[in-house]
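# A closer look at the structure
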Amino acid sequence: MSPSAARAYMTIGEVLGLLSPEFPDITVSKIRFLEAEGLIEPERTPSGYRKFAPADTERLRFILAAQRDHYLPLRVIKEYLDAADRGLEPPPLAGRRRAPRGLVAADTTAEENAEVRLTRRQLADAAGIDADALTDLEEFGLIRRTGGHYDRDALTIARAAAALRAFGFEARHLRAVKAAADREVGLIEAAVAPAMRQRSPGARDRAAETAREIAALSLKLHAALVSTGLREGLDP
């Protein structure tokens, strides 16, 4: 391969850097998942590293945009791409139904405070997991429905669990994380309990804001402790 041809290829990290501004939710794990599902097929170096040609990058951009802009599940996107790969005329994407008002699905760039109400099928498609994996997450208490639908937190948990599966983590392995989170919730609730019992105007709102502030500090502490533990355990 000539030097100019070699430069036309990109590593998975370079592809991530290129597409992240347009698709903030993209991760290395998601790219690997799309490959495992047969939607993209980057070449490999002799040592096994992925190398993405410009066509691979554009195909990945198309997939992400189809999810975000047309609210398409991966199954439908794959059927579209398979038809195009065989030289057939795929159906137009513009005719697909968009997400209903108040519903945000996978890889959207909607505002953080937009309402998320997903059915079971929508949540699985949004997170890139199958029905069995979602069932496992529910059975181990990591995800639950709210009023018959799944909310933004459920989507966040499902996406994180899907990414962790690429490293060999199953739902049963995440029980310790859930238990730790429950203990932190208990500590925070105890801290704001006196404020919650006050009857003055705005007391509950102030307590909720304090709880969010404590939660944010707790997350920073948790991240620092994990980082310290890994450094001590992995550094020579």
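Everything that follows concerns the structure shown earlier in this document.
Attention here is on the structure that accompanies the text. In this text the structure is predicted, and so the values were computed from the model without any measurement.

Definitions and cut-offs
Residues numbered from 1 in each chain as written. Predicted model: local features only at pLDDT ≥ 70, side-chain atom pairs only at ≥ 80, totals over all residues. Heavy atoms only, no water. Helix = DSSP H or I, 4+ residues; strand = E, 2+ residues; numbered from the N terminus. Contact = heavy atoms within 4.5 Å. Axes fitted to C-alpha atoms, helices over the stretch in contact; angles between N-to-C directions. Parallel < 35°, antiparallel > 145°, perpendicular 65-115°, else oblique. Left-handed = near helix turned anticlockwise from the far one by under 90°. 1 Å grid on protein atoms, 1.4 Å probe; cavity = no way out; pocket = protein on both sides within 12 Å on 5 of 7 lines; lining within 4 Å. Points joined across faces, edges and corners; volume = space filled by probe spheres on them. Nonpolar A, V, L, I, M, F, W, Y, C, P; charged D, E, K, R; others polar. Core = buried A, V, L, I, M, F, W, Y, C linked by side-chain atoms within 4.5 Å. Buried < 20%, exposed > 50% of the residue type's maximum accessible area, 1.4 Å probe, protein only. Salt bridge = Lys/Arg side-chain N within 4 Å of Asp/Glu carboxyl O.

### Things to note about the environment of Ala203
- Mapped onto the elements of the fold, Ala203 is located in helix H10 (residues 203-234).
- Setting aside its immediate chain neighbours within four residues, Ala203 contacts Ala195 and Gln198.

### Describing the packing of helix H2 (residues 12-19) against helix H4 (residues 54-70)
- Look at H2 against H4: their axes get within 11 Å of each other, and the N-to-C directions meet at 50 degrees. Here H4 runs oblique to H2, going by the angle between their axes. Along this stretch, H2 crosses H4, giving a crossing that reads as right-handed. From H2, Val15, Leu18 and Leu19 reach across to H4, where they touch Thr57, Leu60, Arg61 and Leu64.

### Let's talk about empty space enclosed by the protein
- Across all of its chains, the model carries two cavities of 30 Å³ or more by this definition.
- Considered as a void within the structure, the largest cavity measures approximately 80 Å³ in volume.
- Together, Ile129, Ala133, Asp136, Leu137, Ala161, Ala162, Arg165, Phe169, Glu170, Ala171 and Leu174 line the largest cavity.
- Breaking the lining of the largest cavity down by element, the ones donating at least two residues are helix H7 (131-139) and helix H8 (152-165).
- Taken together, the residues of the lining of the largest cavity sort by class into eight nonpolar, no polar and three charged.

### Overview of the nonpolar core
- Grouped together as the largest cluster of nonpolar side chains are 22 residues, with contacts concentrated most on Ile26, Ile31, Leu60, Ile63 and Ile77.
- Filtering out sequence-adjacent residues up to four positions away, Ile63 remains in contact with Leu34, Leu39, Ile40, Leu74, Ile77 and Leu81.
- In this structure, Tyr71, Ala124, Ile129 and Ala171 belong to the second largest nonpolar core, which totals 21 residues.

### Focus: the layout of surface pockets
- Computed from the structure, the largest pocket encloses a volume of approximately 1200 Å³.
- Lining the largest pocket are 28 residues; nearest its centre among them are Leu142, Ile157, Val177, Lys178 and Ala181.
- Put simply, the parts of the chain that give the lining of the largest pocket at least two residues each are H8, helix H9 (175-196) and H10.
- Of the residues in the lining of the largest pocket, the class split is 17 nonpolar, five polar and six charged.

### Describing the pattern of salt bridges
- The full count for this structure, using the stated rule, is 15 salt bridges.
- The salt bridge partner of Asp25 is Arg159, with a shortest N-O separation of 3.4 Å. One end of the pair, Asp25, is in the loop between H2 and helix H3 (28-36); the other, Arg159, is in helix H8, with 134 residues separating them in the sequence.
- For Asp25, a relative accessible area of 33% corresponds to the partly exposed category.
- One salt bridge connects Asp82 with Lys78, and the closest N-O pair in it is separated by 3.2 Å. Here the residue Asp82 and the residue Lys78 both occupy positions in helix H5 (residues 74-85), the gap between them amounting to four residues, near one helical turn.

### Focus: the environment of Gly38
- Looking at where Gly38 falls in the secondary structure, it is placed in the loop between H3 and strand E1 (43-44).
- On the accessibility criterion, Gly38 (23% relative accessible area) is partly exposed.
- For the pair Gly38 and Asp82, spaced 44 residues apart in sequence, the C-alpha separation works out to 9.7 Å.

### Comments concerning the packing of H3 against H4
- For the pair H3 and H4, interaxial distance at closest approach is 12 Å and the crossing angle is 100 degrees. Comparing their axes, H4 and H3 come out roughly perpendicular. In contact with Lys30, Ile31 and Leu34 of H3, H4 contributes Leu60, Ile63, Leu64 and Gln67.
- Classifying every residue of the contact of H3 with H4 by side-chain character gives five nonpolar, one polar and one charged.

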